[in-house]
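Observations on chain architecture
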4 protein chains.
Amino acid sequence: MNIGFIGLGIMGSPMAANLVRADHTVVGYDVSAERLAALAAIGGKTASSIAETVAGADVVITMLPDSPQVEEVAFAGDGLLAHAKPGLLYIDTSTIRPETSRKVAQAAAARDVHALDAPVSGGERGAVDGTLSIMVGGRAEDFEAARQVLSHVGTTIVHVGPYGAGQTVKAANQLVVGGIYGLVAEAIVLLEASGVDPGPGLDVLAGGLAGSRILELKRHSMIKREFTPGFRIDLHHKDMGIATAAAREAGVSLPLTGMVAQLIAAARAQGHGGLDHSALLKVIERINS
Amino acid sequence: MNIGFIGLGIMGSPMAANLVRADHTVVGYDVSAERLAALAAIGGKTASSIAETVAGADVVITMLPDSPQVEEVAFAGDGLLAHAKPGLLYIDTSTIRPETSRKVAQAAAARDVHALDAPVSGGERGAVDGTLSIMVGGRAEDFEAARQVLSHVGTTIVHVGPYGAGQTVKAANQLVVGGIYGLVAEAIVLLEASGVDPGPGLDVLAGGLAGSRILELKRHSMIKREFTPGFRIDLHHKDMGIATAAAREAGVSLPLTGMVAQLIAAARAQGHGGLDHSALLKVIERINS
Amino acid sequence: MNIGFIGLGIMGSPMAANLVRADHTVVGYDVSAERLAALAAIGGKTASSIAETVAGADVVITMLPDSPQVEEVAFAGDGLLAHAKPGLLYIDTSTIRPETSRKVAQAAAARDVHALDAPVSGGERGAVDGTLSIMVGGRAEDFEAARQVLSHVGTTIVHVGPYGAGQTVKAANQLVVGGIYGLVAEAIVLLEASGVDPGPGLDVLAGGLAGSRILELKRHSMIKREFTPGFRIDLHHKDMGIATAAAREAGVSLPLTGMVAQLIAAARAQGHGGLDHSALLKVIERINS
Amino acid sequence: MNIGFIGLGIMGSPMAANLVRADHTVVGYDVSAERLAALAAIGGKTASSIAETVAGADVVITMLPDSPQVEEVAFAGDGLLAHAKPGLLYIDTSTIRPETSRKVAQAAAARDVHALDAPVSGGERGAVDGTLSIMVGGRAEDFEAARQVLSHVGTTIVHVGPYGAGQTVKAANQLVVGGIYGLVAEAIVLLEASGVDPGPGLDVLAGGLAGSRILELKRHSMIKREFTPGFRIDLHHKDMGIATAAAREAGVSLPLTGMVAQLIAAARAQGHGGLDHSALLKVIERINS
């Protein structure tokens, strides 16, 4: 299958590589010549424009930083929709606003381009290993058409609803993840301030109803204050912006989400944007010292 | 071993029964004659006063509603400490303020009574099955002495630190549990308000970094709005009072904990005190309708 | 002086009328023919396009609903900047994002148009009476040039800083106003739930360090649950969106502001968008019933 | 009139002095000999026990740090109620839990002692000048009986409801005051982070609907970061503990109050307990740096 791939960053590059390894013809595009060279070195092709990337593609995948970049790639005069052939399957794996995904998908549909929003979770590790979780919004038949391609980049691939639903689920995921980090951080601060070694305490929590993937994977590094990413605060801050915007768009008030967004904004304001999101612990500590 | 057991309610009664089944001599005490009769019916003995309960005991276990009852039982003129023989092992499995546990343990130590605070989690189900998690605060040698007895009521039995540490860990457990319920509730509300079926969405969350015991066990019942306890809002409200008091005592500010406490207080104010704590979802819904 | 006035809604219409009364030549523009007729009826002129409104103007004033409308009017191919003559003084009295005001002002400066962001407070009453408070951002010399015109629509006219500063001060104003309403609402709910008549209680608060304009003006209507606007929840919701976006743009975490935004979003989700912002009391009540 | 005065600290001492100056016979009692000497030096009498203070008194006033001290003074075997003559008017001006005030008043009534809870606001300055605001809970006839005496220590003296109502109103006052400080702090941080001089900005806020006694009195010192008390964070922290306990007692959820309590707890955890409560600004700054 001919796959155009736009956006070869930390996530996009290993995803494209996994598609090359699966014997697809992958035509990559990125603003960085270096990244293009890296794709070429492992057997991918490269394009010098979006038009060229899209030209002969059956499927185009994008992995871009945020909503404005997706809009630019989709809507620019020389962009994706302007050059897409009818029937193109367009899978956007970026994490962006549900509202933007819906807008792009509707504009695509008007040109007979089949769009899916398919944000991923699992981080750089999951992208390299091809074990991402992928939350897909869009039409059921387009999801079926995309499943085989996506199976080379992820292991959990779920159709969660109509246009934008992938983004909404990703937003829900990020608010829960951010919130659990905050709660675990408060538990650690409470234990330590009370003179209790958090190690055995969090072991008990991990084994009961308070248990979570985060407690399982991150409690030891959090107690040791090791905050190497992982998933950076800067990205989680972007994602909480999406979650609060999605809530606003949906007309709902989410008090815990609102506070988690402020705590992650604080982590960034304190200069921890480049640390792992478990560094929310540093915010709760700083509030108390 | 001769075990005195004070407080034969929903939790205490099955715990005492498990000790009877393990061939201990259990002398029970409760204000309710009915509960005493139930213990006698399965082979336990009964006492008509705290003094009588404590008289020949090697170990006394209490399971009481809250701090004032523990203080009353421990400190009353005809109470536990007044009648304890030197060397008694006193295990309080109530969930109360860490500060109260420390006060009781110190007063006990002055009379050569060895106190442990040993709050449990796992609910009525765990009490019946003998599979509670038990967080124990106190001296290491007293913990070792208690381990065999506790093994008949729980499966995870961890020494988490000095006097009061069991309560602090329990408080940390409850703030994390309450918080995750709140986050899952906000995720459901966001998904539904956005026109996304929460079923597949929460399935994805459950399988990734957002995963938790609560998502695993409770997401289906929450989506169906089934809130049969389980663990009642009223009790979780009591526990959040302990958590916020423990934070205050330890001199720390815990913003998410503070908000979770208010949300659970709202559930109670809305008349849901008798529902399962997953009914926090009703609070987030009511904020939005 | 020749003044173009774009946006003749609830606020813009009485502001334009006050300028007509002050013997300025006012050329109004709006999408509504009815509003144009109303301006003509009191001696204003009307235009049928932005180009015509701007053509002979020394000053153009806009009063528009939100950022997108301001961008549209300023940047459209047949918009304000396309037709402005060099040296035009452009005063935007809309409440929008500081970021948008800066963008408009910079684009204006590039065409020798002198832009000021000049959001107002004081509501419809203040617009009718010409007693608005006006917070002006932009260059000092442009502020001086605008002062005389603004004196016909407002009484407190303050230059608060560079481009965008007017909007930032307005955002700060709205977060404080929303927050005080929330605090007064919580005070009323606490008093009533405690069996205390809030009347004399709030009288004492109003007379001491807790005193505020809001307590002074609104405590009686809040206690009586009279929520006729005044200033609608819908508009305050829009303004809290601006305040949280401004905080994000400035890179700061504002926990109370974040929560106030969620409470006002709740008022809207509960269907109170058309009530006065003092109806935040209904949110605090609903949380508790 | 013969007045017993128990508790001659920062507030009690000048209050007692004002009563001496008004030609009352004031018999003071305090654990500190120095404070007693100070009262004697200005013409007061002193007692060496509560019993002696209460013996010939028509009115007893207490000004004590917190609920436990009031309970101790009222209920101890050699305490106030044990020695009060029938008909005594007992005015407690301490700021304590409404629940404690009700308990004391009911016990007093059983001995024909007429109790009023009468917490004050206005600080040391108000105590010295005799210009305190006094919120009085209790029976109307007892309030009338107390009015003349209270007129020597305060200027605003309001009967706000039954036993405990004075404390509830004081709690409401403190949650509003703490909240406004937090809001003004967030406004300052937003303005400064946006490059806007907060001086003119807060001037505008102070003149409009955002205006408050706090903006009027404290905006200049807050901008200059002058935090000399005034009213200490430590005391406001105590008062927020009373406010959150009162909400819990009344069965209500108060989300903003809960967060204000956490922010003031943070100020204390950061070591600012001895600064003025306007130092809440330091907390908002620290969250962001």
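In this text the structure is predicted, and so the values were computed from the model without any measurement.

Some details on the pairing of strand S1 (residues 2-6) of chain B
Residues and elements named next belong to chain B. Here S1 lies mainly inside the structure; four of its five residues are buried. Across five bridges, S1 lies against strand S2 (residues 25-29) in parallel orientation. Paired with Gly-4 across the two strands is Val-27, which belongs to S2. Of the crossover connections in this fold, the one passing from S1 over helix H1 (residues 12-21) to the parallel S2 is right-handed. In the sheet, S1 pairs with strand S4 (residues 59-62) via four bridges, with the strands oriented parallel. Among the inter-strand pairings, Ile-6 is bridged to a residue of S4, identified as Thr-62.

Some words on the interface of chain B and chain A
Listed as interface residues are 60 residues of chain B and, on the opposing side, 60 residues of chain A. Surface buried jointly by chain B and chain A totals about 5,100 Å² across both partners, of which 76% is contributed by carbon and sulfur atoms. The tally of links from chain B across to chain A stands at twelve residue pairs in polar contact (both at pLDDT 80 or more). The biggest single contributor to the side of chain B that touches chain A is helix H9 (residues 165-193) of chain B, with 20 residues. Here the residues of the side of chain B that touches chain A sort into 40 nonpolar, 17 polar and three charged.

Some thoughts on the relation of the copies chain B and chain A
Superposition of the two copies of the chain requires a rotation about an axis and a shift along the axis. With an axial shift of 0.0 Å and an RMSD of 0.1 Å, the rotation relating chain B to chain A amounts to 180°. One copy is carried onto the other by what is essentially a two-fold rotation axis. Within chain B, Ser212(B) has its C-alpha nearest the rotation axis, a separation of 1.9 Å. Here 100% of the interface residues in chain B have copies in chain A that are interface residues too; the copies meet face to matching face.

Overview of the UniProt feature "domain: 3-hydroxyisobutyrate dehydrogenase-like NAD-binding" (unreviewed entry) in chain A
Residues annotated in UniProt with the feature "domain: 3-hydroxyisobutyrate dehydrogenase-like NAD-binding" (unreviewed entry) correspond here to residues 164-284 of chain A. The span residues 164-284 of chain A is 73% helical and 0% strand by assignment, and the distance between its end C-alpha atoms comes to 33 Å.

Re the environment of Ala57(B)
Relative to the helices and strands, Ala57(B) is located in the loop between helix H3 (50-55) and S4. The contacts of Ala57(B), once residues within four sequence positions are left out, are Asn2(B), Gly4(B), Lys85(B) and Leu88(B).

A closer look at the UniProt feature "active site" (unreviewed entry) in chain A
Residue and element names in this part refer to chain A. UniProt feature "active site" (unreviewed entry): in the numbering of this structure it lies at Lys-170. Within the secondary structure, Lys-170 sits in helix H9 (residues 165-193). You can call Lys-170 buried: its relative accessible area is 5%. Lys-170 has contacts with Thr-95, Pro-119, Val-120, Ser-121, Met-135 and Asp-239, leaving out every residue within four places of it along the chain.

Description of the interface of chain B and chain D
Every contact between the two is made by 15 residues of chain B and, on the other side, 15 residues of chain D. Approximately 1,200 Å² of surface area, both sides summed, lies buried where chain B meets chain D, with 50% of it carried by carbon and sulfur atoms. Ranking the residues of chain B by area buried against chain D places Arg248(B), Ser253(B) and Gln262(B) at the top, with a combined share of 48%. At the boundary of chain B with chain D, the tally comes to zero salt bridges.

Scoring rules and cut-offs
- Within every chain, residues take consecutive numbers counted from 1 along the sequence as written.
- Naming scheme: in the order in which they are written, chains are lettered from A and ligands are numbered from 1.
- Only residues with pLDDT of 70 or above have their local features reported here, since the model is predicted, and side-chain atom pairs are shown and tallied only from 80 upward, although totals for entire chains, interfaces and linings are computed over all residues.
- Values reported for side chains reflect all heavy atoms of the structure, with hydrogen atoms and water molecules removed beforehand.
- The buried label applies to any residue whose accessible area, calculated with a 1.4 Å probe on protein chains only, is under 20% of its type's maximum; exposed applies above 50%, and partly exposed to all values in between.
- Strands here are runs of E lasting at least two residues and helices are runs of H or I lasting at least four, both read from the DSSP assignment and numbered beginning at the N terminus.
- Strands qualify as paired when DSSP identifies two bridges or more between them.
- If the strands point away from the viewer and the path from the first strand over the helix to the second runs clockwise, then the crossover is right-handed.
- What makes two residues a contact is simply this: any of their non-hydrogen atoms within 4.5 Å.
- Accessible-area loss on putting two parts together, using a 1.4 Å probe and summing over both, is the definition of buried area adopted here.
- Polar contacts, as used here, are pairs of N or O atoms within 3.5 Å; protein pairs need one atom able to donate a hydrogen and one able to accept it. Residues neighboring in sequence count only if both atoms are side-chain atoms.
- Under the scheme applied, nonpolar residues are Ala, Val, Leu, Ile, Met, Phe, Trp, Tyr, Cys and Pro; charged residues are Asp, Glu, Lys and Arg; polar residues are all the others, including Gly.
- The least-squares superposition of copies is restricted to C-alpha atoms, and to residues with a pLDDT of at least 70 in both copies.
- UniProt positions are given in the numbering used here, feature names are shortened, and annotations may be inferred rather than shown by experiment.
- Salt bridges are defined as contacts in which a side-chain nitrogen from Lys or Arg sits within 4 Å of a carboxyl oxygen from Asp or Glu.

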